[in-house]
Amino acid sequence: MQPTILMRPSLAEENEFSIASKYLPTYKQRSQVPKDSLVIGRYSVLPFYKELEDDLLEQGSTLINSHREHHWIADLREWYMDFEGITPRTWFDFSSLPEKGPFVVKGETNSKKFQWNTHMYAENRRQAGEVAGRLSQDGLLGDQNIYIREYVPLVKLADGLNGLQICEEYRFFILDRQILSGAFYWSSHIDDLTTVPSAASVPQTFLAEVLERLGSNARFVVIDIARKVDGGWIVIEVNDGQMSGPSENNLDELYSNMKKVLAFSAVST
C-alpha cells in the first residue's frame, strides 16, 4: 500500500500541508486519495471515524489506525491498564473514590485544562463530584464518560490562566513503536519561558518502557510525558497521532521520519 496523508488544512499548523507534501503524497479530500492507500488522516478522521474507515475500505485503502485501535487510544479506560504504574492512578466511577484528593477530573478523551480551577482540579471527593457535574453539561465532554485521576505534582515552569500550571512536559510522536520526534508540549506558553526544555531530558530507559507497554495496540500515537517533582517521569496522556497537534515538534523531522518508518515497515512486511 502507498502511504498517503489526508489532511484538513483548516485545523493544521501553518505550512503543515506543504511540509507534509515534501515527504508523502498529501490530499485535502478523501475523493482524491488513490486506491490501495495506507492513509494517515491528519486532522481529518473525526467526527465520523468509522464512516471514513468504511469509505476507504470500499476502494481498497485503510487508515493507519483502525477504528478499534482509535477506540483504544481515545478512551482512557482502554489504555490505562497497559500503562498502570507509570501514569496517574485513575478511578472510573465514584464508588471507589477516596475522600481525600487532590484529583484531576476529565472526560474519557478530552479535558478542560484551560479552565483548571473550575473544570479539572478538585481538592477532594466532594469537589470532584462538582467538577464532574460541570463537565457533564459541557458541549465537548457531555457525551463522554467522566474519569477521576490522582493529581501528581509536576515540575512547574510557569503559571497559566485559571490556576493552570505550565509544567515540564513533552509530546512524542510514535509510529510502529518508533519515535518520530519529541519536543516541549506547551507551545502556547513558549514566550513565558527563558529557555525551552528539551525532550532529550526524558531518559531512554523510560521511553523504552513506554514503547514496550504500547506494544501493538495502535500504530500511530502521541504520548505526552512529564517530569514529576520527585524527579521521576510519568505518562500524562495517550492520543491518536492523526488528531494531535505538533506542540514544539519540528514538522520536517516528524514527516521525514514518518516516511522512513513507513518505508521500513513496508519492506519488513
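Everything numeric in this text was worked out from a predicted model, so none of it was measured.

S.K.: What is the right way to look at the sheet that holds strand S12 (residues 178–184) in this model?
M.R.: Backbone hydrogen bonds are what pair the strands of a sheet, in a parallel or an antiparallel way. One open sheet holds the 4 strands; their spatial order is S12-S11-S13-S14, and the pairing between them is antiparallel. Of all the strands in the sheet, just S12 and strand S14 (233–240) have a single pairing partner and so form its edges. Neighbour-to-neighbour, the strand axes of this sheet turn through a mean angle of 25 degrees, independent of strand direction. Inspection of the sheet shows strand S11 (residues 169–175) paired to S12 by 6 bridges, in the antiparallel sense. If you follow Phe173 over to S12, its bridge partner there is Ser181. Each of strand S13 (220–227) and S14 is contacted by helix H3 (residues 67–74), which is oriented at about 140 degrees to S14, the strand it contacts most. Sheet strands touched by helix H7 (residues 204–214): S11, S12, S13 and S14. Its angle to S13, the strand with the most contacts, is close to 140 degrees.

S.K.: Mind showing me how you'd approach H7 here?
M.R.: Since there are 3.6 residues in each turn of an α-helix, residues three or four apart along the chain are aligned in direction. Taken residue by residue, H7 has Phe206, Leu207, Val210, Leu211 and Leu214 as its buried positions. Around the axis of H7, the buried residues are gathered within 140 degrees of arc, so they sit on the same side. Across from the buried face of H7, at angles greater than 90 degrees, the exposed residues are Thr205 and Glu212. On its buried face, H7 sits against H3, helix H4 (76–83), S11, S12, S13 and S14.

S.K.: Can you walk me through the packing of aromatic side chains in this structure?
M.R.: Aromatic ring pairs are reported here in terms of the distance separating the ring centres and the angle at which the planes meet. Within the structure shown, the criterion is met by 12 aromatic pairs. Their ring planes at 85 degrees and their centres at 4.8 Å tell us that Phe92 and Tyr147 sit as a pair that is edge-to-face. Here Phe92 is found in the loop between strand S5 (90–91) and strand S6 (100–107), whereas its partner Tyr147 is found in strand S8 (residues 146–150), with 55 residues between them in sequence. Taking relative accessible area as the criterion, Tyr147 reaches 2% and is therefore assigned buried. Ring centres of Tyr170 and Trp233 lie 6.3 Å apart, and the angle between their planes is 40 degrees; this geometry places the pair in the tilted category. With Tyr170 in strand S11 and Trp233 in strand S14, the pair connects residues that are 63 residues apart, well separated along the chain. Look at Tyr170 and you get buried, because its relative accessible area is 0%. Aromatic rings pair up to connect Tyr80, Phe92 and Tyr147 into one cluster. Residue placement shows Lys28 over the ring face of Phe17; its charged tip is 5.1 Å from the ring centre.

S.K.: Would you mind going over the pattern of salt bridges with me for this structure?
M.R.: Oppositely charged side chains may form a pair once their charged atoms are brought near each other. Overall, the coordinates contain 15 salt bridges when judged by the stated rule. As a salt-bridge pair, Lys50 and Asp54 come within 2.8 Å of each other at their nearest N and O atoms. With Lys50 and Asp54 both in helix H2 (residues 49–58), this residue pair falls 4 residues apart, about one helical turn. For Lys50, a relative accessible area of 36% translates into the label partly exposed. One salt bridge connects Arg177 with Glu212, and the closest N-O pair in it is separated by 3.2 Å.

Conventions adopted
- Residues numbered from 1 in each chain as written.
- Predicted model: local features only at pLDDT ≥ 70, side-chain atom pairs only at ≥ 80, totals over all residues.
- Heavy atoms only, no water.
- Pairing = 2+ DSSP bridges.
- Helix = DSSP H or I, 4+ residues; strand = E, 2+ residues; numbered from the N terminus.
- Axes fitted to C-alpha atoms, helices over the stretch in contact; angles between N-to-C directions.
- Contact = heavy atoms within 4.5 Å.
- Buried < 20%, exposed > 50% of the residue type's maximum accessible area, 1.4 Å probe, protein only.
- Arc of directions from axis to C-beta.
- Phe/Tyr/Trp six-rings, centres within 6.5 Å; stacked < 30°, edge-to-face > 60°.
- Lys NZ or Arg CZ within 6 Å of the ring centre and 35° of its normal.
- Salt bridge = Lys/Arg side-chain N within 4 Å of Asp/Glu carboxyl O.

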